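Per-entry structural report
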Amino acid sequence: MTILHSSIKENDFQFYGLVVLRVLIGWHFLYEGISKLINPYWSSAAYLLDSKWIFSGLAKTIVSNPTLLTISDNVNMWGLTLVGASLLLGLFTKYGSLTGMVFICLYYLFAPPLLGLEYSRPGEGSYLIVNKNLIEACALWVLYCFPTSQVIGLDRFFNDSK
Amino acid sequence: MSKKAKSSKNTNLERRDLIKGLATVPVAGVFLVNLWRKMKRDATKKANLLSDLVQEKSAPNVVRSVSNSRHLNIGIIGYGGRGGHLVRGAGFATKGWTDTVYKNAQKNKLDKQFDTFMSQEDLNCSLVGVCDLFDNNAELGINASQNEIRPGGMPKNTATRYRTHEELLANDNIDAVIIATPDHWHAQITIDAAKAGKHVYCEKGMTRTFDEAIKVYDAVKETGITFQLGHQNRQVEANEKARQIYEQGLLGPVNLVELTTNRNSPWGAWYWGIHPDGNNKTIDWERFQQPSPNKLPWGNGKEALERFFRWRCWFDYGTGLSGDLLSHDFDTINQIMDIGIPKYVTSSGGIYHYTKENYPDIIGYDRDVPDVWNATFEYPERDLTLLYSASLSSSNPRGNRIMGHDATMQMGGQSGGGSIHGFVVTADELSTQYKDRLDSGIINPNYPIYTYSPGSKQIDGVTSATSRYFAQKGLLYTYREGKRVDPTHLHVKDWLDSIRDGSQPRCNIDVGFHEAVACAMATESYLKGRRIEWDPVNRKLI
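What comes next concerns the included structure. (Residues numbered from 1 in each chain as written. Chains lettered and ligands numbered in written order. Predicted model: local features only at pLDDT ≥ 70, side-chain atom pairs only at ≥ 80, totals over all residues. Heavy atoms only, no water.)

Residues and elements named next belong to chain A. Where helix 6 (residues 93-110) contacts helix 7 (residues 132-145), the axes come no closer than 9 Å and their chain directions differ by 160 degrees. Compared by their axis directions, helix 6 and helix 7 come out roughly antiparallel. Judged by the sense of rotation from one axis to the other, the crossing of helix 6 with helix 7 is left-handed. Where helix 6 abuts helix 7, its residues Lys94, Ser97, Leu98, Gly100, Met101, Ile104, Cys105, Tyr107 and Tyr108 lie against Asn133, Leu134, Glu136, Ala137, Leu140, Trp141, Leu143 and Tyr144. The class makeup of the residues in the contact of helix 6 with helix 7 is twelve nonpolar, three polar and two charged. (Axes fitted to C-alpha atoms, helices over the stretch in contact; angles between N-to-C directions. Helix = DSSP H or I, 4+ residues; strand = E, 2+ residues; numbered from the N terminus. Parallel < 35°, antiparallel > 145°, perpendicular 65-115°, else oblique. Left-handed = near helix turned anticlockwise from the far one by under 90°. Contact = heavy atoms within 4.5 Å. Nonpolar A, V, L, I, M, F, W, Y, C, P; charged D, E, K, R; others polar.)

A few words now on the packing of helix 9 (residues 186-195) of chain B against helix 10 (residues 210-223) of chain B. Residues and elements named next belong to chain B. Where helix 9 meets helix 10, the closest approach of the two axes is 9 Å, and the angle between their N-to-C directions is 15 degrees. On the basis of their axis angle, the class for helix 9 and helix 10 is roughly parallel. In this structure, helix 9 crosses over helix 10, and the sense of that crossing is left-handed. Along the contact surface, helix 9 presents Ala187, Thr190, Ile191, Ala194 and Lys195, while helix 10 presents Glu212, Lys215, Val216, Ala219, Val220 and Thr223.

A few words on the pattern of salt bridges. Between side chains of opposite charge, a pair can form when the charged atoms approach closely. Residues and elements named next belong to chain B. A complete count under the given rule lists 29 salt bridges over all chains for this structure. Lys221 is the partner of Asp510 in a salt bridge, and the nearest nitrogen-oxygen pair spans 3.1 Å. Residue Asp510 is located in helix 18 (residues 509-528), and its partner Lys221 is located in helix 10; the two are separated by 289 residues in the primary sequence. For Lys221, a relative accessible area of 42% corresponds to the partly exposed category. Connected through shared salt-bridge partners, Glu121, Lys493, Asp497 and Arg500 make up one network. (Salt bridge = Lys/Arg side-chain N within 4 Å of Asp/Glu carboxyl O. Buried < 20%, exposed > 50% of the residue type's maximum accessible area, 1.4 Å probe, protein only.)

All names here are of chain B. Strand order in this open sheet of six strands is 3-2-1-4-5-6, and the pairing throughout is parallel. Bordering the open sheet on either side are strand 3 (160-162) and strand 6 (227-229), each of which pairs with just one other strand. For this sheet the average axis-to-axis angle between neighbouring strands, irrespective of direction, equals 20 degrees. Across four bridges, strand 1 (residues 72-77) lies against strand 4 (residues 176-179) in parallel orientation. When the bridges of strand 4 are listed, Ile74 appears paired with Ala176. Contacts from helix 7 (residues 135-146) reach strand 2 (125-131) and strand 3, with the element oriented near 165 degrees to strand 2. (Pairing = 2+ DSSP bridges.)

Right, let's talk about a nonpolar patch on the surface for a bit. Together, A:Phe92, A:Tyr95, A:Phe157, A:Phe158, B:Leu18, B:Leu22 and B:Val25 give the surface a local cluster of nonpolar side chains, amounting to about 720 Å² of exposed area. Note on placement: A:Phe92 falls in the loop between helix 5 (66-89) and helix 6. (Patch = residues over 30% accessible without salt bridge, like charges linked within 9 Å, V, L, I, M, F, W, Y side chains within 5 Å. Areas by Shrake-Rupley, 256 points an atom, 1.4 Å probe, with all protein chains shown as cover.)

Moving on: unusual backbone geometry. Residue B:Gly205 is reached from B:Lys204 by a cis peptide bond, and omega for that bond is -15 degrees. Tracing the sequence through the fold places B:Gly205 in the loop between strand 5 (199-202) and helix 10. Residue A:Phe92 is not a glycine yet carries a positive backbone phi of 50 degrees. In this structure A:Phe92 comes out as partly exposed when scored by relative accessible area, which is 48%. Not every positive phi belongs to a glycine, and B:Asp338 is a case in point at roughly 50 degrees.

Right under this line is the structure:
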């Protein structure tokens, strides 16, 4: 099990930096999830239809099958919400950060900003290979490696090593 | 250390534990408060905008039960490209077509043509007569009537070929006919069919000339047949929603409507393929040109073949942009706004792009219908001008706009190959009706106050950039109860259901007459080079 190194715990500046990162990413996930849950018309179809690169075939399979699309919509809505709550509250954060990382990596792989791939969705920034998804996935990796919830967060109550 | 001090230290530790464990819970509280405020703000926005209006009303109900009703025998007169589509709308496709779309669906899972066709409702009818002046087309029609790959399975009857429409109409077993010939035959066949007591689905434009429009109107009224004009836009949900918005006065007073056609290919300019089997043995050329004002001998067949297969390029057989494309957009606006027949029409244009010189490999004989054309329709009694502007040499998707004092509705239009588009309503920054809400920031004139995106059921005043984009692009299709449907099928079904229950179909002769007269006025203005006025009392053009 990953344990937070004592030198990090003792350095408030480093430690709280990681806590803030965790809470902000948690907030982002939580709102992404809830905003989809409360919008009865939201569907992952639009994103999937615009998919390019290695997963575009899988994306088409999902969109063309109503059952798969419903599963994809629910996994996204609930997955994002639960991961968000996990990171924000510091509860089961180890699993939350790993799951979040898988989600974001999939978003990246379904529509990576690689050379030669053009998307019809309007972009909100300028990216070459690296985009905010990739960066957020890496940030979640960092959070997995530094489980601050063992000190600040509900995980503290399940952890003996504090 | 005393016992008391030790206990106090433990309590402090526990408290510190608790505080650290719950440290981020207040952040969750801040999140929830802000979420609640956002939801409340969105709800206020929606209540202030248009979504409540449209959400309450469901999709137009076209699902009438036909299962126990009378079986109808139909005939098709003119089994070309459009005729084939209409007959598919009735539930009959050629074996070649079903094989091709089945294979396409196997190759591309997103290709739903086969599924959409097979999930069409069985309309309880048979295709029993086919009339076409080109042998190959007639054979395809017969083939379609025999193909058992169709909604409803094995056809009850199959079709007989007729050389002329008179012979087909003489068959007492035929209840109704679909007319999808070139426009110059529409009037004569409709009148003959009405006199023979057959119900008529006539493809647009309704007639080639104004005089024909009067004759068709009178014949349909006198005989009382069920007449449907082929504007399938009447079945499109987006237009019903647009009508609700307009009727509620949410656009404010509308003084200008802009309609556009934007195409940029020889195919879009009606340079369709000349069938290799087309010759004076397989085509009844004399019959084809019977109602046209100018007759051309077959000769070496080159010009005759071009005219036969690309008939929209000549005023002898059609009216070019007027009957083919303006007619659809005009009828859509008539559906939304009930504009009726204009008082004055002027039009102008020219043949600026599609000439033999520019396209020597495609064009053998110059057309006489324009490829850039503009028309102005005046409605002084309604304080309204309708502008139509068409280019066949630029595909810039300008869309259609209903411009109100308080808001503008931007629609995709029907000219992009017939696809079904959504629409977006944006408030005017100087609107009177929305002034208070603009001032208080509830309405932002830079963002749509209403977006309708077909297929996604997106009926919402608060939409994301992505859904706005898809609405404008019109990526999807028309839906009924979550099922994808072809509006052409709905339009044929509406006609057959109306025949059975004696009701009026959605594009009946009254609204069809509006389209026919408006388009005829525009064509006549171009040909005569002057303004045309409608005299509704004497039913004349001045």
